[in-house]
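Below are the chains, spelled out letter by letter.
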Amino acid sequence: PTPSPTETSESPSPTPSPSAATVGPTPTPTPTPTETSESPTPTPTPTPTPTPTPTPTTPTTGTLANLARVPWDGGPAYWAKFPGAAKLNNPNLFPVSVYYGKPEHATQLKDIGVNVYQNAEHDGSTMASITNTGMLVIAGTEWSRSEVGSNPNVVGWDTYDECDMLGLGCNGSTYEQNLQQMKNKVAQIRGFNDGRFAFANYSKGILGTYWAPGLMDDFMSAVDAASVDNYMYTRADLQDELNRTPAWPEGANTATSAAYGWQIDQMRKFQSTPGIHPNWIFVESARPFLNASNDRTITPEQMEGAMWSGIIHEARGISIFQHNNNGQAGFGTYSLVQAPADRKAKIKAALAGIQSLAPVLNTQSYVWDAGAAGTDTMLKAKDGSAYLFAGIGLNGGTGSKTFTLPAGITGTQVEVVGENRTISVQNGKFTDSFANEYTHHIYKITI
């Protein structure tokens, strides 16, 4: 992302044991009467009552202990390395950031559902003007160390934006120079010794073509957390870019929710170990560009689908690029706070839905193929329930989808979260419908 109003076309656990069988109580045998020395004849011993054979009972809950786990990134153990980011290490908070937001908008952004400023604008404001609202901040370099101080709501330092592309965030004339500039900035942040993490945003380097060739893994390993921005819904020229990308499925349309989840997959591919550090996905909230006649403005429904696609592919946070250059859209430059009431209400509801599931999202996923062709899924568990998150994948179609549940799940009714309906499970499977390419569902079922 970039705050300028226009961009060029080059811009870019220990395993839990299953419940043991419960056995019935063993009756106490009838005691033999005690003989006394005064009894001339011993009292006959009564025939003891037979002890019934214990009958095991069927466990009332299942287990997912037989499933492997997806490599875990950004969990409590990871964030414990950064004591300055303690407020981000919160199981009840799923990070939703705004890029280059104005400090004066903090209260309005918080009401919409944003909880992090990523590289906040400075404009003469104080850091406290943001953090006093409860917002967290990943501070950009225009904020001095004295301005940040020991503020516990400032959890990290931003480095550069799109340093994997020449002529943008870094000013090197080669990618090697850009990489060294990134490493130097991270070393400077390490030298602060304030317990905060180093964050970077990347872009087209993840495509595996001519941006940062052979260096994207180095860019990824240079920082503690990263985000990626390729605005698939709004940027028309990305279709041509993706068509020459080896990892892009042939014939897939970029203007889909699934294209955002694909970006997270790419980020993880460039890590020495997938999930070695957390990655966030950028989603636009309007129309960031003006330089192509076919560029589009994202709808709230598409925006929601894109966010969930990123999450389903293990994004550990959402970054929102709110700057809008489409003067015909009916809302201003800051498209979250200046959007019409109906549009703002839809975005707010979508973010509330994500945040309500933060305790679930902040758990490690299970490896599971739900078997529904053309869909992307993620399986998690929390407090005795399994959660299956599902959306349409790249080249997937709309319509009816049948999902298979792990054998360890015993529930017979699926609750469709947030939709006020249930679906019956038959032989470990259930079927649901997906009306649009951005349609997503969240299924909750008793383990």
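Residues numbered from 1 in each chain as written. Predicted model: local features only at pLDDT ≥ 70, side-chain atom pairs only at ≥ 80, totals over all residues. Heavy atoms only, no water.

Once that is clear, we can look at the sheet that holds strand β12 (residues 413-416). Taking strand neighbours across the sheet as the criterion, the five strands line up as β9-β10-β15-β12-β13 in an open arrangement whose pairing is antiparallel. Looking at the sheet topology across the chains shown, the edges are occupied by β9 (375-382) and β13 (421-424). For this sheet the average axis-to-axis angle between neighbouring strands, irrespective of direction, equals 25 degrees. Bridge count between β12 and β13: four bridges; the pairing is antiparallel. Pairing of Val-416 across the sheet is with Arg-421, part of β13. (Pairing = 2+ DSSP bridges. Helix = DSSP H or I, 4+ residues; strand = E, 2+ residues; numbered from the N terminus. Axes fitted to C-alpha atoms, helices over the stretch in contact; angles between N-to-C directions.)

Alternating positions in strand β3 (residues 136-139) separate into two faces, Leu-136 and Ile-138 on one and Val-137 and Ala-139 on the other, with burial throughout. As judged from the three bridges shared by β3 and strand β4 (residues 154-161), these two strands associate in the parallel manner. The partner of Val-137 across the bridge, within β4, is Val-154. (Buried < 20%, exposed > 50% of the residue type's maximum accessible area, 1.4 Å probe, protein only.)

With that out of the way, let us pick up the sheet that holds strand β6 (residues 225-228). The eight strands lie next to each other as β1-β2-β3-β4-β5-β6-β7-β8, forming a closed barrel whose pairing is parallel. Along the sheet, successive strands turn relative to each other by an average axial angle of 30 degrees, direction set aside. This element, helix α5 (residues 175-192), spans β4 and β5 (197-202) of the sheet and lies at about 160 degrees to β4. (Contact = heavy atoms within 4.5 Å.)

Another point: the state of the cysteines. Tallying each qualifying case throughout the model produces one disulfide. There is a disulfide in this structure between Cys-163 and Cys-170, and the S-S distance comes to 1.7 Å. A torsion of -110 degrees about the S-S bond marks the disulfide between Cys-163 and Cys-170 as left-handed. Each member of the pair, Cys-163 as well as Cys-170, carries the same accessibility label: buried. (Disulfide = S-S within 2.5 Å.)

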